[in-house]
Amino acid sequence: MANLIPVREAQRLLKESKITQAPVDIEAIAKKLGAVVSYEVFKEDLSGVLVKESSRTVIGVNSVHSKTRQRFTIAHEIGHLILEHEGEVFVDQTVMKRDERSSQAIDIQEIEANKFAAELLMPESLIMAAVQNLPSKKPDISSGQLIEELAKAFQVSSQAMEYRLTNLGMFIPQ
């Protein structure tokens, strides 16, 4: 049950924001929520921070990271905010390679923020529509090309799209 809350909250936010197509304007959503997005040069392994103060909310994003990484970071930090995770400061490290610890999914707040971010940036309903449309445009598309096309349309990394399609049961990694 708790696993569904991040997805439902992302869907609610998408509906309230009248998002009906990709890519999701993640900065407009942050602004709508009253959060200031600030791009800063952080150490390479720091992707972002969320600072909740009584007078303002700031999402700090690593300006050195790729645009797709920055978008996921903003969505992830919005997840901490919307899901009302306990704490006033969240510091999120970049997981470039899933290690044994990250694959065990130990930190429930990080897991929830990632689920929220995935649904917010790559809504299941929009993914399904895009997947159904692509074969008519490109009947001989390979799974790799499908991932690339969808990643480009949703302005996310190919890796994020592959994880998303896998988690939705639409793709089985080789």
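Residues numbered from 1 in each chain as written. Predicted model: local features only at pLDDT ≥ 70, side-chain atom pairs only at ≥ 80, totals over all residues. Heavy atoms only, no water.

J.: Would you take a moment to explain the overall build of the chain for this structure?
T.: Across its full length, the chain holds eight helices and four strands. Along its sequence from the N terminus, the chain presents helices and strands in the succession α-α-β-β-β-α-β-α-α-α-α-α. The burial tally for the chain puts 39% of its 174 residues in the buried class. Element-wise, carbon and sulfur atoms account for 52% of the exposed surface of the chain, whose accessible area totals about 10,200 Å². (Helix = DSSP H or I, 4+ residues; strand = E, 2+ residues; numbered from the N terminus. Buried < 20%, exposed > 50% of the residue type's maximum accessible area, 1.4 Å probe, protein only. Areas by Shrake-Rupley, 256 points an atom, 1.4 Å probe, with all protein chains shown as cover.)

J.: When you look at the confidence of the model for the chain in this model, what are you seeing that I'm missing?
T.: Note: predicted coordinates in regions of low pLDDT should not be interpreted at a detailed level. Within the chain, residue pLDDT values average 89, and 90% of them lie at 70 or more. With pLDDT under 50 throughout, residues 96–104 is counted as low confidence; its partners more than four residues away or in other chains account for six contacts. (pLDDT = per-residue confidence, 0-100. Contact = heavy atoms within 4.5 Å.)

J.: Got a minute to help me understand the sheet that holds strand E4 (residues 89–93) in this structure?
T.: Taking strand neighbours across the sheet as the criterion, the four strands line up as E1-E3-E2-E4 in an open arrangement whose pairing is mixed. Edge positions in the sheet fall to strand E1 (35–40) and E4, since each of these pairs with one other strand and no more. Here the strands of the sheet are splayed against their neighbours by 15° on average, with no regard to which way each runs. The pairing of strand E2 (residues 46–52) with E4 spans five bridges and is antiparallel. (Pairing = 2+ DSSP bridges. Axes fitted to C-alpha atoms, helices over the stretch in contact; angles between N-to-C directions.)

J.: Help me understand the packing of helix H7 (residues 143–154) against helix H8 (residues 158–167), please; the structure alone is not making it clear to me.
T.: Two elements in contact, H7 and H8, have axes separated by 9 Å at closest approach and are oriented at 110°. Taken together, the axes of H7 and H8 lie roughly perpendicular to each other. Across the interface between the two elements, Ile147, Glu148, Leu150, Ala151 and Phe154 of H7 pack against Ser158, Met161, Glu162 and Leu165 of H8. Looking at side-chain class alone, the contact of H7 with H8 contains six nonpolar, one polar and two charged residues. (Parallel < 35°, antiparallel > 145°, perpendicular 65-115°, else oblique. Nonpolar A, V, L, I, M, F, W, Y, C, P; charged D, E, K, R; others polar.)

J.: Please explain the environment of Ala28 as it appears in this structure.
T.: Among the secondary structure elements, Ala28 is positioned in helix H2 (residues 26–32). Looking at Ala28, the relative accessible area reads 37%, which means it is partly exposed. Distance from Ala28 to Ser17, taken between C-alpha atoms, is 8.9 Å for residues eleven residues apart in sequence.

J.: Whenever I open this one, the environment of Leu83 confuses me. Can you help?
T.: Looking at the secondary structure, you find Leu83 in the loop between helix H3 (67–82) and E4. Look at Leu83 and you get buried, because its relative accessible area is 15%. C-alpha of Leu83 to C-alpha of Ala10: the two residues are 73 residues apart in sequence and 9.4 Å apart in space. Once you skip the residues sitting within four places of it in the chain, Leu83 turns out to touch Ile5, Pro6, Glu9, Glu112, Ala113 and Phe116.

J.: How do you make sense of the pattern of salt bridges when you look at a structure like this?
T.: Working definition: two side chains of opposite charge can pair if their charged atoms are close together. Enumeration according to the criterion identifies five salt bridges in this entry. Of the charged contacts in the structure, one is a salt bridge between Arg56 and Glu53, with a shortest N-O distance of 3.2 Å. Each of the salt bridges in this network shares a partner with another, and the network as a whole consists of Glu9, Arg12, Glu16 and Lys32. (Salt bridge = Lys/Arg side-chain N within 4 Å of Asp/Glu carboxyl O.)

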